[in-house]
Amino acid sequence: DVKVTQSSRYLVKRTGEKVFLECVQDMDHENMFWYRQDPGLGLRLIYFSYDVKMKEKGDIPEGYSVSREKKERFSLILESASTNQTSMYLCASSSGYGNQPQHFGDGTRLSIL
Amino acid sequence: GENVEQHPSTLSVQEGDSAVIKCTYSDSASNYFPWYKQELGKRPQLIIDIRSNVGEKKDQRIAVTLNKTAKHFSLHITETQPEDSAVYFCAASKAGGGNKLTFGTGTQLKVEL
């Protein structure tokens, strides 16, 4: 069974802080994704990566960056956290061979005070 | 880019009735359409998916239909049960580009006793 693990379920930070959200998958998946989930807006893609050290902007990349130094780990970075980045963050991974389902982590509920 | 619209945003049915959720997509190159179920406080989980080479797929009480000409696809749940209560998301993607999914905004399904 695919396991996608996010480092924290709940996180509280202050405005201006640099915030790191970590995600690890154990299925040797090529693709990894970071989404933001807000009520009424569904899941919006922030960034994704299809290989180590490769990254692509999603639909809402502003204020975020990512890092993928190893195949199993994909980090989301809030360079200078702001209150409008308070949200649920979901990580996902998928195989790189054809269209394959994405498997999600449990999410990190981030509050920026 | 791709745009996925999902309706209705909320749906309330009596136990045992059927529920239908509809999605439309804009990119005719999209060829993979998964549906996710997200129970309160939990991760989104794949419940069924369909590829563009078939028009219908069924798995027990759940079925998905696809109309490529009209660019819409639907989720059908028969004999609904209280445990079907959740938020359902449709999504679309096309081959290549890291299997990026574009999600609908979600449907809150409530099955009442």
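As a reminder, the structure under discussion sits directly above these lines.
Given the structure is predicted, the values throughout are model-derived calculations rather than measurements.

### Quick word on the layout of surface pockets
Thinking step 1. Estimated volume of the largest pocket: approximately 610 Å³.
Thinking step 2. The wall of the largest pocket is formed by 25 residues, among which Gln37 and Arg109 of chain A together with Gln38, Leu40 and Val87 of chain B lie closest to the centre.
Thinking step 3. Those elements that place two or more of their residues in the lining of the largest pocket are strand 4 (31–38) and strand 9 (87–94) of chain A together with strand 9 (86–92) of chain B.
Thinking step 4. Residue classes in the lining of the largest pocket are distributed as eight nonpolar, 10 polar and seven charged.

### As for the sheet that holds strand 8 (residues 72–77) of chain B
Residue and element names in this part refer to chain B.
Thinking step 1. Taking strand neighbours across the sheet as the criterion, the five strands line up as 1-3-8-7-6 in an open arrangement whose pairing is antiparallel. A strand with exactly one partner marks an edge of an open sheet, and here the two such strands are strand 1 (4–7) and strand 6 (56–59). Adjacent strand axes in the sheet meet at a mean angle of 15 degrees, parallel and antiparallel pairs treated alike.
Thinking step 2. Taken together, the six bridges between strand 3 (residues 19–25) and strand 8 define a ladder with antiparallel strand orientation. For Lys22, the partnering residue across the bridge sits in strand 8 and is Ser74.

### A closer look at the side chain of Ser65 of chain A
Residues and elements named next belong to chain A.
Thinking step 1. Relative to the helices and strands, Ser65 is located in strand 7 (residues 64–70).
Thinking step 2. A polar contact of 2.8 Å, which involves the side chain of Ser65, links it to the side chain of Glu79.
Thinking step 3. If sequence neighbours within four positions are ignored, Ser65 has contacts with Tyr47, Ser75, Leu76, Ile77 and Glu79.

### Digging into the interface of chain B and chain A
Thinking step 1. Every contact between the two is made by 22 residues of chain B and, on the other side, 26 residues of chain A.
Thinking step 2. Summed over both partners, the interface of chain B with chain A comes to about 1,800 Å²; 47% of that surface belongs to carbon and sulfur atoms.
Thinking step 3. The interface formed by chain B and chain A holds one salt bridge in total.
Thinking step 4. Between Asp106 of chain A and Arg43 of chain B there is a salt bridge, with the nearest N and O atoms lying 2.8 Å from each other.
Thinking step 5. At the level of elements, strand 4 (32–38) and strand 5 (45–51) of chain B are the ones that each hand at least two residues to the side of chain B that touches chain A.
Thinking step 6. The residue inventory of the side of chain B that touches chain A, partitioned by class, reads eight nonpolar, nine polar and five charged.

Criteria and thresholds
- Residues numbered from 1 in each chain as written.
- Chains lettered and ligands numbered in written order.
- Predicted model: local features only at pLDDT ≥ 70, side-chain atom pairs only at ≥ 80, totals over all residues.
- Heavy atoms only, no water.
- 1 Å grid on protein atoms, 1.4 Å probe; cavity = no way out; pocket = protein on both sides within 12 Å on 5 of 7 lines; lining within 4 Å.
- Points joined across faces, edges and corners; volume = space filled by probe spheres on them.
- Helix = DSSP H or I, 4+ residues; strand = E, 2+ residues; numbered from the N terminus.
- Nonpolar A, V, L, I, M, F, W, Y, C, P; charged D, E, K, R; others polar.
- Pairing = 2+ DSSP bridges.
- Axes fitted to C-alpha atoms, helices over the stretch in contact; angles between N-to-C directions.
- Polar contact = N/O pair within 3.5 Å; in protein donor to acceptor, adjacent residues only side chain to side chain.
- Contact = heavy atoms within 4.5 Å.
- Buried area = accessible area lost by both parts, 1.4 Å probe.
- Salt bridge = Lys/Arg side-chain N within 4 Å of Asp/Glu carboxyl O.

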